[in-house]
Amino acid sequence: MKTAVRKAQAELEKRKRKKRRREGDLDHVNNISKAQSQDILVLEEKQPKKKKGDKGDSGSQKDYPRGWLIKTLCKTFWQNLLLSVLFKVVHDVIVFVSPQLLKLLIAFVSDEESFTWQGYMYAILLFLSALIQSLCLQQYFSLCFQLGIQVRASLIAAIYKKVGIALSSPLSSTVGETVNLMSADAQRFMDMANFVHQLWSSPLQIILSIVFLWGELGPSVLAGLAVMVLLIPINAFLVAKSKTIQVRNMKNKDERMKIMSEILNGIKILKLFAWEPSFEKRVNEIRARELKNLLNFSYLQSVSVFVFTCAPFLVSLASFAVYVLVDENNILDAEKAFTAISLFNVLRFPMAMLPMVLSSLVQTNVSTVRLERYLGGEDLDTSAIHHSPIEGRLLPVVLMPSCLCSVNLDITPGSLVAVVGAVGSGKSSLVSAMLGEMEHIKGHINIQGSLAYVPQQAWIQNATLKDNILFGSELDETRYQQVIKACALLPDLELLPAGDQTEIGEKGINLSGGQKQRVSLARAVYSNADIYVLDDPLSAVDAHVGKYLFKHVLGPKGLLKNKTRILVTHSISFLPQVDNIVVMVAGAVTEQGSYGTLLANRGAFAQFLNLYGRQEKDASEKNTTGTGNKMGLCVCLGDMKNLALSGSDANGGSHEPYPEPLKNVKGQKLIEKEAVETGKVKFSMYLRYLRAVGLWYSFWVAMGYVGQYVAFVGTNLWLSAWTDDAQRYLNETYPLEQRDLRIGVFGALGVSQGESLFLLFATILSAYGATRASRVMHQQLLSNILRVPMSFYDTTPTGRIVNRFAKDIFTIDETIPMSFRSWLSCLMGIISTLLMITLATPFFALIIIPLGIFYYFVLRFYVSTSRQLRRLDSVTRSPIYSHFGETVSGLSVIRAYGHQARFLKQNEITMDINQKSVYSWIISNRWLAIRLEFVGSLVVFFSALLAVISKGTLEGGIVGLSVSSALNVTQTLNWLVRTSSELETNIVAVERVHEYTKAPWVTEKRPPRGWPSKGEIRFVDYKVRYRPELELVLQGITCNIGSTEKVGVVGRTGAGKSSLTNCLFRVLEAAGGMILIDEVDITTIGLHDLRRNLTIIPQDPVLFTGTLRMNLDPFDQYTDEEVWKALELAHLKTFVQDLPGRLLYVVSEGGENLSVGQRQLVCLARALLRKAKILILDEATAAVDLETDHLIQTTIRSEFADCTVLTIAHRLHTIMDSDRVMVLQAGRIVEFDSPEELLRKPGVFSMMAKDAGITNTETTTL
């Protein structure tokens, strides 16, 4: 708590300081309204902006203020920086005290005459120096990490603020780029802040250790140093090499992810066509390439690990050998050897850190440039908009270079003004100008009162429906109800699972286009502003809903009758009722006046009327048709009682059409929360991973590590014996062969110490095993994902699945093997150290036990906490980014309503939540480190103490050995915990990859060859529901469809038409009853056997990246002639012949490089190629012009004459010539007979036909 408060105070201080610095610039903007002056408080760009003039060197790139970001950060956080420098210096100096104390201690043990109290003093001093060292280090780390999160927070806040007022934000940088600035670049700064002090500390430590070593060994140190310097280029070479492999692998990864996201977006098509195996093969091919690279990368890595572990050993070997060989009189005694070794150990860390810090510095530099360019960009200039209350007028006088020429408008308060004009005449630009979103050249706009804005594309937040409408205002129940009624939202609320408490997905994913638009309108109406700017809000809704909205909201009798309304519109029917019409042509106002005046003028407006009027008439006639599904964007709302929900027809229905609105449990949450794993990771996970590696591999890898450490202990014992020679041959000359033997064995042990060969053996094996595990895991994940039932995809966001393939597979590929390796070597290191101390002073074994118990408890306590905190961090981080993305996409709306301050606040709140968990995680790490280093210090203390107590019996060498190992143990203890917790965090990936279950593609019972030969379909009391907790969609359907019959299926939206096709393909499994095709129950055979023998032409044509041929025939089952024949019948032959590459023409992602109509024809060609006995048409003519539609219908009639065809119709015309028509209502068959019969007798069908203007079957040839 205290720390949090302290942090808050620091933050506040920081803010005050920044504010003080800003005040200077604020004087000249004080006359601007409150909301705007808040926006001007962006971070510190104000100051550095003045430097723009003298930095004119960057020619082509747009100039931006440079070099201010780092300065600003330093100015803001100088106290933190200073303190951490202080702690770090103290720590660095004390690090060098321990080796000196060790030297004294060894001298004390070797010297018979010395007093005992000296020994005790040395032991206590060793303990104290270790303690102080650890306290300083932890303080320093804590400060660094705090600096890191504060830097990240201030950068994110600055970027967010900048987005609120940056002019160029929507244009010059995409949403993705800005989100990247927030996530990647701010994160880089955070990482850099943790290590920034190594830049001066590493060189300092290196210099100090060389100085002390020179004192010990004289010039022969240079031999050791030479070895170190030689290893640097070797390492650099390895790093460069592995970097190229990484880059190559990133390409493979991207390609794999691209295919994956395509598979997930088109999963329904894959399932309906039973194409999963072909795509699985494609992904696995890429994956194989990726793993090959990964294996090479791991080999390189194991070589560099090998070099790295050899280094300290080779260094000491070189130095000692040179020292002994240079001069006969140089005798290696215990003091020298072990002091040198502990100094070499100190040297390892800065040598390793320096290159890392430098490369991280380079990356941060790139980020700095990007951030400076973004934060230093131009701001939105709102000076053209005045709010002076001179007359009760609103007069935009706007001059624009590109979009608007001179525009003079005078709008009286309370009037309804329509702005009309052809596409691209600058209507939306005029709106943007009013909102101050455009660059103004000259002139000004005077706006009195508050604004509300309804954009052309509705912007919906990820919140409940109610929050979307209230938009931060207080709730006034009566007004709220009034607004909902006026905006025709009541029927929708009845359909939504939880009424206005339903959670709307991001970008309004579970609302239809028309519903989004109405919610957006309701938000504006509720905000009760003075001026309403409406950018074509009626385009997305149906004509009759449009009329209703105009009457109840916008028109002379609507809710807004006393407000100033500026309505951009295309629908001419409302124009007679508006007060004033502004006609725009090519960015200028050509005429304005009332409807009558303009008609009389015979100007552009009259022509416009003639052009559009005719279309409007047809449209409004068409639009009264009962099933006219696709007039606008949105799923048609048959009639008002039956408002569609999220086009439950179009997307395989995510909800039941008529649940009682009160049951707010069912389906209220569309998307299930991602499970955050809690508790300890099960041991079975580790086993599962090791099994994937292969148990034999695992065993031999472990043995390799054991071998390495056995050799390690051997080397050190040998060294201690060598140094004891100094005592033995005290006054004689040292025999040469003895010397050479010592050096030789020392070298041999060291090299075999697999800090070399054993290690190399182990790492290369583990590289191979890990790659094998990656292959197995990915294969399982992929095959599971492709085999899960369709309902899984409705409730799981694609992003989450993609995340499994990106993040979790990456973890399994790269992080887990590393974690496993470092964990093993830490464990072995600790065991071998304790072993050596025990060998020197056997009593030490007694002390190990209590220390071990203490250590274990600290570890358990910490690991579980840390794991949860890590999880919390990642869970709380994503809201920051999604909120940011939402803000960017809804910028114009937020600015228009003047809600910037509220969104800034919201951003700060989400960030604080994340900061809390990060901060706690950091502090918990420090807590742990202090406890552990204390254990380490105790180990040092006791090994020294025992050495002092058993002084007479010990040789100097063995004491040196035991204490110098103890000095090294602290770091290793720390690392063991680190790696254990890292391993636990990462092994979760294995758990997540195994989450999914599957249904078999091919069962034991195969259908007979050539099935279905007749194509008869029988439904027997068939019931189905979308998800277990929802009600039935089809409520017991019984019917027979004979061989080669043509059957049309009609019904209002949500009657269950699409559900019927889904059932035939077993995309939905039965809740009761069965379907027989040619007397085979479809639930008894495998999915692929079923789906390969049916054909569907789906509602939305989905194509995949790849050649055109691959899209038609992914399994290469047909010859080229057959493919061309199919293309010819689908009227695509001439088109394909003109393409570059013809059949091998590459289709881009989602088929973007073909028109929608062509994609539809490609789908038709697919069906023609398969030529199954049963064809299902989920009426696909929405996207196609009438001519193509006609072609498709004719082709189907001629080519599929001998097949059973089920057509799901949205337009009645298409099914009037079928043999029989099935009419569905609320999941039941209400009529089923030939169209002539049904037209004759009054009923649902004849009503629908009448609405569509069909009286007899002849008139409908289209």
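A brief report on the enclosed structure follows. (Residues numbered from 1 in each chain as written. Predicted model: local features only at pLDDT ≥ 70, side-chain atom pairs only at ≥ 80, totals over all residues. Heavy atoms only, no water.)

**Things to note about the overall build of the protein**
In plain terms, the rule: Only runs of H or I of at least four residues qualify as helices and only runs of E of at least two qualify as strands under DSSP, and these elements are numbered from the N terminus. Classification of residues uses two cut-offs on accessible area relative to the type maximum, computed with a 1.4 Å probe and protein chains only: under 20% is buried, over 50% is exposed, and between them is partly exposed. Here, two residues are considered to be in contact whenever any of their heavy atoms come within 4.5 Å of each other. Residue exposure ignores everything except the shown protein chains as possible cover, and the areas themselves are Shrake-Rupley values with a 1.4 Å probe.
In terms of helices and strands, the protein carries 41 helices and 22 strands. Scored against the burial criterion, the 1262 residues of the protein give a buried share of 54%. Across the protein, contacts joining residues at least 24 apart in sequence account for 80% of those joining residues at least 6 apart. Accessible area for the protein stands at about 54,100 Å²; split by element, carbon and sulfur atoms hold 61% of it.

**What to know about the pairing of strand E11 (residues 1017–1025)**
As a reminder, the rule being used: Pairing between strands is defined by DSSP: at least two bridges between the two strands are required.
As judged from the 6 bridges shared by E11 and strand E14 (residues 1070–1077), these two strands associate in the antiparallel manner. By the bridge assignment, Phe 1019 is partnered in E14 with Ile 1075. Here 7 bridges tie E11 to strand E12 (residues 1032–1041), and the two strands are oriented antiparallel to one another. When the bridges of E12 are listed, Phe 1019 appears paired with Cys 1039. The hairpin turn running from E11 into E12, its antiparallel successor, is 6 residues long.

**Focus: the sheet that holds E11**
Spatially, E12-E11-E14-E15 is the arrangement adopted by the 4 strands of the open sheet, whose pairing is antiparallel. Of all the strands in the sheet, just E12 and strand E15 (1080–1081) have a single pairing partner and so form its edges.

**Structural notes on the nonpolar core**
In summary, soluble globular proteins display a tendency toward joint burial of nonpolar side chains. To be explicit about the condition: What is meant by a nonpolar core is a set of buried Ala, Val, Leu, Ile, Met, Phe, Trp, Tyr and Cys residues, joined one to another through side-chain atoms within 4.5 Å.
Core analysis: the biggest nonpolar cluster contains 104 residues, and Cys 487, Leu 521, Leu 549, Val 553 and Leu 554 have the highest contact counts within it. Top contributing element to this core by residue count: helix H7 (residues 116–165), with 9 residues. Among all residues touching Leu 549, those that are not within four sequence positions of it are Ala 486, Cys 487, Ala 488, Arg 518, Leu 521, Leu 538, Val 541 and Leu 554. Judged by nonpolar contacts, the second largest core, of 84 residues, contains Phe 320, Leu 932, Leu 938 and Val 959.

**Some words on the packing of helix H11 (residues 221–265) against helix H28 (residues 798–840)**
For clarity, the cut-off: A fitted line through C-alpha atoms serves as each axis, taken over the contacting stretch for helices, and the angle formed by two N-to-C directions is quoted from 0 to 180°. Oblique is the label for any angle not under 35 degrees, not over 145, and not in the 65 to 115 range, which are roughly parallel, roughly antiparallel and roughly perpendicular in turn. The crossing is said to be left-handed when, going from far helix to near helix, the turn is anticlockwise and less than a right angle, and right-handed when the turn is clockwise. Gly falls in the polar group here, along with every residue not listed as nonpolar (Ala, Val, Leu, Ile, Met, Phe, Trp, Tyr, Cys, Pro) or charged (Asp, Glu, Lys, Arg).
Contact geometry for H11 and H28: axes closest at 10 Å, N-to-C directions at 150 degrees. Of the possible angle classes, the one that applies to H11 and H28 is roughly antiparallel. Like other packed secondary-structure pairs, H11 and H28 cross with a definite hand, here right-handed. From H11, Gln 246, Lys 253, Arg 256, Met 257, Met 260, Ser 261, Leu 264 and Asn 265 reach across to H28, where they touch Thr 798, Ile 801, Val 802, Phe 805, Ala 806, Ile 809, Phe 810 and Glu 814. Among the residues forming the contact of H11 with H28, the class breakdown is 9 nonpolar, 4 polar and 3 charged.

**Notes on the packing of helix H36 (residues 1120–1129) against helix H38 (residues 1156–1170)**
Axis separation between H36 and H38 bottoms out at 8 Å; the angle between their running directions is 130 degrees. Of the possible angle classes, the one that applies to H36 and H38 is oblique. Between H36 and H38 lies a crossing of right-handed hand. Contact residues: Glu 1122, Val 1123, Ala 1126, Leu 1127 and Leu 1129 in H36; Ala 1165, Leu 1168 and Leu 1169 in H38. Grouping the constituent residues of the contact of H36 with H38 by class yields 7 nonpolar, no polar and 1 charged.

**Focus on the packing of aromatic side chains**
Here is the rule: What counts as a ring pair is set by centres within 6.5 Å for rings of Phe, Tyr and Trp (its six-membered ring), and what kind of pair is set by the plane angle: stacked under 30 degrees, edge-to-face over 60, tilted for all other angles. Our definition puts a charge over a ring when NZ of Lys or CZ of Arg is within 6 Å of the ring centre and also within 35 degrees of the ring normal.
In the structure shown here, the tally under the stated rule is 23 aromatic pairs. A centroid spacing of 5.9 Å and a plane angle of 70 degrees characterise the contact between Tyr 856 and Phe 857, whose relative ring orientation is edge-to-face. Grouping aromatic residues by their ring pairs yields a cluster made of Phe 127, Phe 934, Phe 941 and Phe 942. Its guanidinium or amino end placed over the ring of Tyr 526, Arg 479 lies 5.6 Å from that ring's centre, counting from NZ or CZ. Lying over the aromatic face of Phe 471, Arg 523 brings its terminal NZ or CZ to 4.9 Å of the ring centre.

**Re the pattern of salt bridges**
The following threshold applies: Between Lys or Arg on one side and Asp or Glu on the other, a salt bridge is scored when a side-chain nitrogen of the former is within 4 Å of a carboxyl oxygen of the latter.
Here the structure, examined in full by the defined rule, presents 18 salt bridges. One salt bridge in this structure joins Arg 287 and Glu 290, with 3.6 Å as the shortest N-O distance. Taken together, the residues span about one helical turn, with Arg 287 and Glu 290 both in helix H13 (residues 276–326) at a distance of 3 residues. The buried category is assigned to Arg 287, whose relative accessible area is 3%. Ionic pairing is found between Arg 287 and Asp 813, a salt bridge with its closest N-O pair at 2.9 Å. With a gap of 526 residues between them, Arg 287 in helix H13 and Asp 813 in helix H28 connect regions that are remote in the sequence. Salt bridges sharing common partners tie together Lys 253, Arg 256, Arg 287, Glu 290 and Asp 813.

**Focus: helix H41 (residues 1244–1251)**
What counts is decided by this rule: As used here, the arc is the angular range of directions from the helix axis to the C-beta atoms.
If you check which residues of H41 are buried, you get Phe 1245, Ser 1246, Met 1248 and Ala 1249. Taken down its axis, H41 places every buried residue within 160 degrees of arc, on the same side. Looking at the packing, one finds that the buried side of H41 touches strand E13 (1046–1050), strand E21 (1220–1225), strand E22 (1228–1233) and helix H40 (1235–1240).

**Focus: a nonpolar patch on the surface**
To keep things clear, this is the line we draw: Note on patches: the residues involved have over 30% relative accessible area and no salt bridge, like charges join within 9 Å, and the nonpolar side chains Val, Leu, Ile, Met, Phe, Trp and Tyr join within 5 Å.
On the surface, Leu 86, Val 90, Phe 115, Trp 117, Met 121, Ile 124, Leu 125, Leu 128 and Ile 132 cluster together to form a nonpolar patch covering roughly 840 Å² of accessible area. Listed by contribution, the elements that provide at least two residues to the nonpolar patch are helix H5 (78–95) and H7. For the nonpolar patch, the element with the highest residue contribution is H7, accounting for 6 residues. Along the chain, Ile 124 turns up in helix H7.

**Some details on the sheet that holds E13**
Ordered by their spatial adjacency, 6 strands build an open sheet running E16-E19-E20-E13-E21-E22, and the pairing between neighbours is mixed. In this open sheet, the two strands that pair with only one neighbour each are strand E16 (1094–1097) and E22. Between one strand and the next, the sheet's axes are offset by a mean angle of 20 degrees, whatever the strand orientation. In terms of strand pairing, E16 meets strand E19 (residues 1174–1178) through 4 bridges, oriented parallel. Bridge pairing in E19 links Thr 1095 to Leu 1175. The sheet contacts of H38 involve E16 and E19, and relative to E16 the element is tilted by about 165 degrees.

**Description of unusual backbone geometry**
Positive phi values are uncommon outside glycine, yet Phe 471 reaches one of about 50 degrees. Here Phe 471 is to be found in the loop between helix H16 (465–470) and helix H17 (477–486). A positive phi angle is found at Thr 1044, which is not glycine, with a value near 55 degrees. Examined against the element boundaries, Thr 1044 turns out to sit in the loop between E12 and E13.

**Notes on the environment of Glu 1122**
Looking at the secondary structure, you find Glu 1122 in helix H36. For the pair Glu 1122 and Leu 1169, spaced 47 residues apart in sequence, the C-alpha separation works out to 7.3 Å.

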